[in-house]
Amino acid sequence: MAIGATQLGAASRRSAAARHAAEKVFFPAAALYAGITVPASVHGMLSGNPLLPGYATVLGHAHELLFGFALAVAAGFVINRTTTARLAGLFGLWLLARVIFLTMPDSMAALTANAAFAAALAWLAVPQFMKGAKKWRNQAFAPLLLGLCAVLAMFHAGPLTGASWLRYLALQEAVLLFALLMLFMGGRIIAPAAAGAIQRAGGHLEARVQPRIEGALLIVVALAAGAAATPGARAAAGALALVAAGLGLVRLLRWRLWAAARRPDLWCLGLGYAWLVAGLALLGTAWTTGVLGANTATHAITVGALGTLTTGVMARVRLNRAKLDPARSPTIPLMAGVIAAAALIRLLVPGDATALAAASGLWALAYALMLALLVRIPPR
């Protein structure tokens, strides 16, 4: 009986060891891909001589930033434990989707490969995230991820159906859905971290998840996405984006990150959330007044917020798993500063080719720093 129990315990340990956090492969791959694909696509747009067909247009640039890079980071973050076979299969689908899109961006094969990756991600991530979720706010991740799958399919349906406008609509919706994902997940990361840091500094944080504001954000941004897709409702979408920006700002201020003494890693996450607030405000202003171009406004979200939050989260996850203090990492604030410079260039000098090249170079530098951190600190 004792031998049987010992064997059972050993088998259980082997089974646990065979399960992996997806960040082991997806974080380094996403950092490498971000550092390569953004400069490569900018080169293709500026030179007219793209390295690959997928790097030839603004549409390809946006597709790979959102559905190639950002979805890979999401996969690494939300899939905490899975088997070797499932992780290898998911990563293989991601690689296949990247290769096919870059070589045949308008093909049915690109649609199939990208949709397969998104569907596999949803199949693996949603049950893990939904386990034990009882309140509707906690269940919002599932429709969010499914919405991203739908707009991904919409993007690829454009050239196949002859409705090229679908691609622009899909990217617009994807920006709003990713903004909502960052609002939701960012809050779930920042709130407990801020509470712990403030408590260790001798204070107390009452406003943590802020369920009413979080619920309002989920509803308002979802309505904004619906209005943005409705003909004649662009001004309404803009007004909703402005409301979301206001709610996000209130939520950010109530976290009192300035009271988290000596926590530059948390301040950087707060900066990423502030970029998100600014992006929604700029986008809302563009849609309601026409004073600012919507494409320019979105760079506060797709460069400032996405860049700062993904680097901050990836670094914190890897450092925490290695039992290292993220507050002591000089790389996190350095990356946030470099990305802030890239975002400001895109916002302040939107139509200049030299500025675009400089911003893409800064973006690549930030993710080179990210990759160096991930390589230096191996996964546990």
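It should be emphasised that the depicted structure is a prediction, and the values quoted were computed from it without experimental measurement.

Novice: I'd like to hear about the layout of surface pockets, residue by residue, with values.
Specialist: In this structure, the largest pocket occupies an estimated 860 Å³ of space. Forming the boundary of the largest pocket are 33 residues, of which V58, A62, N295, T298 and H299 lie nearest the centre. Counting residues per element, the ones that place at least two in the lining of the largest pocket are helix 2 (23–47), helix 3 (58–78), helix 7 (165–200), helix 10 (264–289), helix 11 (294–321), helix 12 (331–348) and helix 13 (353–376). Tallying contributions element by element places helix 11 first for the lining of the largest pocket, with seven residues. Residue lining of the second largest pocket: W136, A140, P143, L144, G147, L177, L180, L218, I219 and A222, and that is the complete set. Looking at the lining of the second largest pocket, the elements that each hand over two or more residues are helix 6 (141–161), helix 7 and helix 8 (211–228). Along the lines of polarity and charge, the residues of the lining of the second largest pocket split into nine nonpolar, one polar and no charged.

Novice: How would you explain the nonpolar core if you had to name every residue and give the values?
Specialist: Among the nonpolar cores identified, the biggest contains 119 residues, and F69, L121 and Y367 are the most heavily contacted of them. Considering each element in turn, this core owes the most residues, 21 residues, to helix 7. Apart from the residues lying within four places of it in its own chain, the contact partners of L121 are L71, A75, V78, I79, L90, V126 and L145. Counting nine residues, the second-largest nonpolar core is a separate cluster that includes A225, A227, L283 and A297.

Novice: Outline the packing of aromatic side chains, listing residues and values.
Specialist: This structure, assessed with the given rule, holds ten aromatic pairs. Considering the side-chain rings of F26 and W94, the 6.3 Å spacing of their centres and the 75 degrees angle between planes classify their relative orientation as edge-to-face. Taken together, the residues span a long stretch of sequence, with F26 in helix 2 and W94 in helix 4 (residues 84–103) at a distance of 68 residues. You can call W94 buried: its relative accessible area is 3%. By way of ring pairs, the aromatic residues F26, Y33, F91, W94 and F117 are connected into one cluster.

Novice: Any chance you could break down unusual backbone geometry for me, citing the residues and the numbers?
Specialist: Among all residues save glycine, negative phi is the norm, and among peptide bonds the norm is trans. Notably, Q210 is not glycine yet its phi reads approximately 55 degrees, a positive angle. Its location among the elements puts Q210 in the loop between helix 7 and helix 8. A residue is classified by how much of its surface remains accessible, and Q210, at 5% relative accessible area, is buried. Its identity is not glycine, yet R262 carries a phi of approximately 55 degrees, on the positive side.

Reading guide: rules and limits
Residues numbered from 1 in each chain as written. Predicted model: local features only at pLDDT ≥ 70, side-chain atom pairs only at ≥ 80, totals over all residues. Heavy atoms only, no water. 1 Å grid on protein atoms, 1.4 Å probe; cavity = no way out; pocket = protein on both sides within 12 Å on 5 of 7 lines; lining within 4 Å. Points joined across faces, edges and corners; volume = space filled by probe spheres on them. Helix = DSSP H or I, 4+ residues; strand = E, 2+ residues; numbered from the N terminus. Nonpolar A, V, L, I, M, F, W, Y, C, P; charged D, E, K, R; others polar. Core = buried A, V, L, I, M, F, W, Y, C linked by side-chain atoms within 4.5 Å. Buried < 20%, exposed > 50% of the residue type's maximum accessible area, 1.4 Å probe, protein only. Contact = heavy atoms within 4.5 Å. Phe/Tyr/Trp six-rings, centres within 6.5 Å; stacked < 30°, edge-to-face > 60°.

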